[in-house]
Amino acid sequence: MVRLGTGIGWRPEIADAVERMTGIDWVEVVAENVCPGHLPDSLARLRERGVTVVPHGVSLGLGGADRPDEARLAALAERAVALGAPLVSEHIAFVRAGGPLTASQRLEAGHLLPVPRTRDALAVLCENVRAAQDALPVPLAVENIAALFSWPGEEMTEGQFLYELVERTGVRLLIDVANLHTNHVNRGEDPVKALAELPVEALAYVHVAGGFERDGVWHDSHAHPVPPAVLDVLAELAARTAPPGVLLERDENFPEPAELERELEQIRTTVRTATAGAAAGGRAAAGVAAGVSVSAGVAASASVSAGAAAGVRELAAPAGGGAAAGAGAGLRVPAGAGVRVPDGTAAAEPARTTLAGVPAQAPAPAEDRVLPAEAGVLPPVAPAPAAARERVALAQTSLLSALVAGTPAPEGFDRVRLAVQGRALAAKRADVVAKVAPELPEILGAAYRKDFLAYAARRPMTDGYRREALAFAEHLLLAGRPEDADARGRLTHWWLDRSGPRPLEGRPVARWLRAARFALRRHHARR
């Protein structure tokens with residue numbers, strides 16, 4: 001397992017600050033935001049200094065009913081090569097639905113949505129993950145996501161679902177402790193239980209991020225400081241295994257560089273304290289076990305109280321009878337603590353339980369363990385049954401349609417939570433469109449957000465955000481807006497410049513554009 005260390009999410013807004021930070025071992029970059037042939041100068045300089053760069057994908061939709069898009073897989077692979085990355089990461093989520101599997105319109109969420117933890121969804125996810133593994137030149141890690149709502153009829157906990165995924169595919173895990181906290185608040189899921197069920201030997205690295213709570217709902221914003229509750233989950237994880245890497249995520253509302261460095265130091269301290277405490281506890285337990293000597297005479301008089309017997313197992317009496325046999329019968333010692341029984345053999349079971357609340361062994365560094373995938377051997381994955389893909393497709397399309405197209409909420413879902421999610425998706429669409437097409441809020445001014453949310457309420461996104469920006473402008477122009485003639489002229493120029501020389505024939509806007517282009521040419525001829 002690659003040892004990454006402490007890192008931060010690289011974003012253009014903080015590129016200069018990240019370069020100046022000391023103690024940064026690696027950075028993570030959103031894969032879709034970099035072009036392999038034109039890497040930002042800041043990233044190139046970081047790489048020259050020996051800082052590892054890991055591409056983090058957000059658009060594959062590995063948890064979706066469709067198989068991964070080959071072009072998106074090729075693009076992610078290209079970025080891994082260009083960045084010299086030791087691994088890449090993506091999400092256990094679906095981001096689009098509809099299309100041929102459901103004979104319906106393709107819908108885009110523009111956001112990571114949770115997959116149902118069912119056998120059908122697991123079979124689909126495993127096949128999709130294997131397709132990605134086969135297409136990528138480096139190992140793949142997949143991330144647990146945050147959710148505002150739960151699927152009805154789930155068959156597994158998050159920990160069980162991830163364990164099965166790793167068992168079947170050999171994929172690595174990117175555990176986001178902020179997302180575990182989010183699901184604790186929003187879905188009532190215990191993060192400690194989830195961590196206890198995880199195969200920690202598959203851990204690739206950890207995400208840490210901030211958020212905020214409003215009306216009993218936790219929003220994983222990546223725009224606020226990391227709260228103590230998230231650091232507590234990080235400590236719980238670090239007490240179980242030494243993470244190969246930990247990364248701070250911040251996507252907007254960036255604070256001063258000193259504040260980011262303070263958060264990074266908090267993360268380092270949390271991990272260092274948790275792992276040191278676990279190691280000390282393991283040494284103490286090992287010392288107790290090493291000091292136990294069971295002779296026939298001592299064992300004959302041994303008496304263990306019921307309270308002290310918690311977390312211990314009963315050893316069978318050794319063969320041979322006599323005093324030793326009598327002593328061994330009924331003697332209770334810590335499970336797997338390495339205590340030598342009277343016949344001189346050591347308990348073979350490794351120490352994993354606790355005695356009086358002290359870990360029986362220190363957490364082993366995840367990077368020291370060897371998975372089948374480390375040796376280039378991946379377990380075979382059975383194809384998902386066609387019927388399972390169809391069931392997952394129908395369920396995801398029904399849900400996404402309710403979120404972005406205003407159709408009724410599917411049965412069994414919390415309608416209030418779906419309404420919250422729907423508003424959040426529309427708000428994110430408005431924010432991202434403003435980023436990819438900053439001219440729109442500049443042209444429309446204060447009316448931009450209100451107009452866009454009204455547009456989004458009736459029109460689901462069917463393609464990427466850049467196409468969404470063009471569709472929104474087209475919608476306004478066809479409605480004769482904005483009312484201000486100068487603003488309308490600027491929006492027309494912008495649309496014509498971005499939409500290409502020949503719009504699709506047969507659409508109403510094509511006829512309008514022919515007239516608009518003629519009017520523009522006449523306007524310029526008069527100048």
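Within each chain, residue numbers correspond to sequence positions counted from 1 in written order. Where totals are concerned, whole chains, interfaces and linings use all residues; where local detail is concerned, this predicted model gives features only for residues with pLDDT of at least 70, and gives and counts side-chain atom pairs only at 80 or more. To obtain the side-chain values, all non-hydrogen atoms of the structure were used and water was disregarded.

Structural notes on the overall build of the protein chain
Okay, so step 1: The helix and strand labels rest on DSSP assignments: H or I over at least four residues marks a helix, E over at least two residues marks a strand, and numbering proceeds from the N terminus. A count of helices and strands for the protein chain gives 18 helices and 16 strands.
Okay, so step 2: Classification of the 527 residues of the protein chain by burial places 49% in the buried group.
Okay, so step 3: Counting only contacts in the protein chain whose residues sit at least 6 apart along the sequence, the fraction spanning at least 24 positions is 73%.
Okay, so step 4: Here the accessible surface of atoms and residues is derived via Shrake-Rupley with a 1.4 Å probe, and residues count as covered only by protein chains that are part of the display. Summed over its atoms, the accessible surface of the protein chain is roughly 24,100 Å², and 54% of this surface lies on carbon and sulfur atoms. Between buried and exposed lies partly exposed: a residue is buried under 20% and exposed over 50% of the maximum accessible area for its type, with that area taken using a 1.4 Å probe on protein chains only. Only heavy atoms matter for contacts: two residues are in contact if any of them lie within 4.5 Å across the pair.

Brief notes about the environment of arginine 389
Okay, so step 1: Along the chain, the position of arginine 389 falls in helix H12 (residues 386-404).
Okay, so step 2: Considered as a pair, arginine 389 and alanine 123 are 266 residues apart in the sequence and their alpha carbons are 8.6 Å apart.
Okay, so step 3: Apart from the residues lying within four places of it in its own chain, the contact partners of arginine 389 are Gly64, Ala65, Asp66, Arg67, Leu101, Val124, Glu127, Asn128 and Ala384.
Okay, so step 4: Polar contacts, as used here, are pairs of N or O atoms within 3.5 Å; protein pairs need one atom able to donate a hydrogen and one able to accept it. Residues neighboring in sequence count only if both atoms are side-chain atoms. Among the polar contacts listed, one links the side chain of arginine 389 to the backbone oxygen of alanine 65, at a separation of 2.5 Å.

Observations regarding unusual backbone geometry
Okay, so step 1: With omega at 0 degrees, the peptide bond leading from arginine 481 into proline 482 counts as cis.
Okay, so step 2: Phi at alanine 103 takes a positive value of approximately 50 degrees, unusual for a residue other than glycine.
Okay, so step 3: Within the secondary structure, alanine 103 sits in the loop between strand S5 (94-99) and strand S6 (104-113).
Okay, so step 4: Even without glycine at this site, asparagine 253 takes up a positive phi of about 50 degrees.
Okay, so step 5: With respect to the helices and strands, asparagine 253 occurs in the loop between strand S12 (245-248) and helix H9 (257-290).

Some words on the packing of aromatic side chains
Okay, so step 1: Aromatic contacts are taken between Phe, Tyr and Trp rings whose centres are within 6.5 Å, Trp giving its six-membered ring; a plane angle under 30 degrees counts as stacked, one over 60 as edge-to-face, and the others as tilted. In the structure shown here, the tally under the stated rule is 8 aromatic pairs.
Okay, so step 2: Ring geometry for tryptophan 151 versus phenylalanine 413: centroids 5.1 Å apart, planes at 65 degrees, classification edge-to-face. Separated by 262 residues along the polypeptide, tryptophan 151 in the loop between strand S7 (140-143) and helix H5 (158-169) and phenylalanine 413 in the loop between H12 and helix H13 (415-436) bring together distant segments of the chain. As far as the burial class goes, tryptophan 151 and phenylalanine 413 line up, both buried.
Okay, so step 3: Every member of this aromatic cluster is reached through a ring pair, and the members are Tyr448, Phe452, Tyr455 and Phe472.

Considerations on the nonpolar core
Okay, so step 1: With 85 residues, the main nonpolar core has Ile8 and Val27 as its most contacted residues.
Okay, so step 2: Sort the elements by how many residues they give to this core and helix H8 (residues 228-240) lands first, with 6 residues.
Okay, so step 3: Apart from residues no more than four positions distant in its own chain, valine 27 is found in contact with Ile8, Trp10, Val18, Leu43, Leu46, Val51, Thr52, Val53, Val54 and Leu247. Nine residue types can take part in a nonpolar core, namely buried Ala, Val, Leu, Ile, Met, Phe, Trp, Tyr and Cys, and a core is a set of them joined through side-chain atoms within 4.5 Å.

Section: the pairing of strand S9 (residues 203-208)
Okay, so step 1: Of all 6 residues making up S9, 6 are buried, and the element is well covered by its neighbours.
Okay, so step 2: Here, a strand pair is defined by DSSP locating no fewer than two bridges between the strands. Pairing geometry for strand S8 (residues 172-176) and S9, over 4 bridges, is parallel. Its bridge partner being in S9, isoleucine 175 is matched across the sheet by valine 206.
Okay, so step 3: In terms of strand pairing, S9 meets S12 through 3 bridges, oriented parallel. Each bridged residue has a counterpart across the sheet, and for valine 208 the counterpart in S12 is leucine 248.

Some details on the pairing of S5
Okay, so step 1: The buried fraction of S5 amounts to 6 of the 6 residues, a majority that puts the element mostly inside the structure.
Okay, so step 2: Here S5 pairs with S6 via 4 bridges, running antiparallel. Its bridge partner being in S6, arginine 96 is matched across the sheet by glutamate 108.
Okay, so step 3: A loop of 4 residues connects S5 with S6, the two strands running antiparallel in sequence, and alanine 103 in this loop sits at a positive phi of about 50 degrees.

Re the pattern of salt bridges
Two side chains bearing opposite charge may form a pair once their charged atoms approach each other closely.
Okay, so step 1: When a carboxyl oxygen of Asp or Glu is within 4 Å of a side-chain nitrogen of Lys or Arg, the pair counts as a salt bridge. Taken as a whole, this structure holds 26 salt bridges when the rule is applied.
Okay, so step 2: The shortest N-O distance in the salt bridge between glutamate 164 and arginine 168 comes to 3.5 Å. Separated by 4 residues within a single helix, glutamate 164 and arginine 168 lie in helix H5, roughly one turn from each other.
Okay, so step 3: With a shortest N-O distance of 2.9 Å, glutamate 439 and arginine 498 are connected by a salt bridge. With glutamate 439 in helix H14 (residues 439-444) and arginine 498 in helix H17 (residues 485-499), this residue pair connects regions lying 59 residues apart in the sequence.

A few points about the packing of H13 against helix H16 (residues 465-478)
Okay, so step 1: Every angle, taken between N-to-C directions, lies between 0 and 180 degrees, and every axis is a line fitted to C-alpha atoms, over only the stretch in contact when it is a helix. Packing of H13 against H16 brings their axes to within 9 Å, and their N-to-C directions diverge by 95 degrees. Judged by the inter-axis angle, H13 sits roughly perpendicular to H16. Seen from H13, the contacting residues are Lys428, Arg429, Val432, Val433 and Val436; seen from H16, they are Tyr465, Arg466, Glu468 and Ala469.
Okay, so step 2: Under the scheme applied, nonpolar residues are Ala, Val, Leu, Ile, Met, Phe, Trp, Tyr, Cys and Pro; charged residues are Asp, Glu, Lys and Arg; polar residues are all the others, including Gly. Class assignment of the residues belonging to the contact of H13 with H16 gives a composition of 5 nonpolar, no polar and 4 charged. An angle below 35 degrees is treated as roughly parallel, one above 145 as roughly antiparallel, one from 65 to 115 as roughly perpendicular, and anything else as oblique.

Some points on the environment of aspartate 134
Okay, so step 1: Turning to its location among the elements, aspartate 134 is positioned in helix H4 (residues 119-135).
Okay, so step 2: Through-space distance from the C-alpha of aspartate 134 to that of leucine 378 is 9.9 Å; in sequence the pair is 244 residues apart.

What to know about helix H6 (residues 177-187)
Okay, so step 1: In terms of residue burial, H6 counts as a mostly covered element, since 9 of its 11 residues are buried.
Okay, so step 2: The set of residues buried in H6 consists of Val177, Ala178, Asn179, Leu180, His181, Thr182, Asn183, Asn186 and Arg187.
Okay, so step 3: Measuring from the side-chain oxygen of the N-cap residue of H6 to the backbone nitrogen of alanine 178 gives 2.9 Å; that N-cap residue is aspartate 176.
Okay, so step 4: At the exit of H6 stands glycine 188, carrying a positive phi of roughly 70 degrees.

A short note on the packing of H4 against H5
Okay, so step 1: Interhelical geometry of H4 versus H5 gives an angle of 45 degrees and a closest axis separation of 10 Å. Considering their axes alone, H4 and H5 lie oblique with respect to each other. Handedness of the H4/H5 crossing: right-handed. Counting all contacts with H4, which are made through Arg119, Leu122, Ala123, Leu125, Cys126, Val129, Arg130 and Gln133, the residues of H5 involved are Phe161, Glu164, Leu165, Arg168 and Thr169.
Okay, so step 2: Its residues assigned to classes, the contact of H4 with H5 comprises 7 nonpolar, 2 polar and 4 charged. Definitions for this section: a left-handed crossing has its near helix turned counterclockwise from the far helix by less than a right angle. A right-handed crossing has that turn clockwise.

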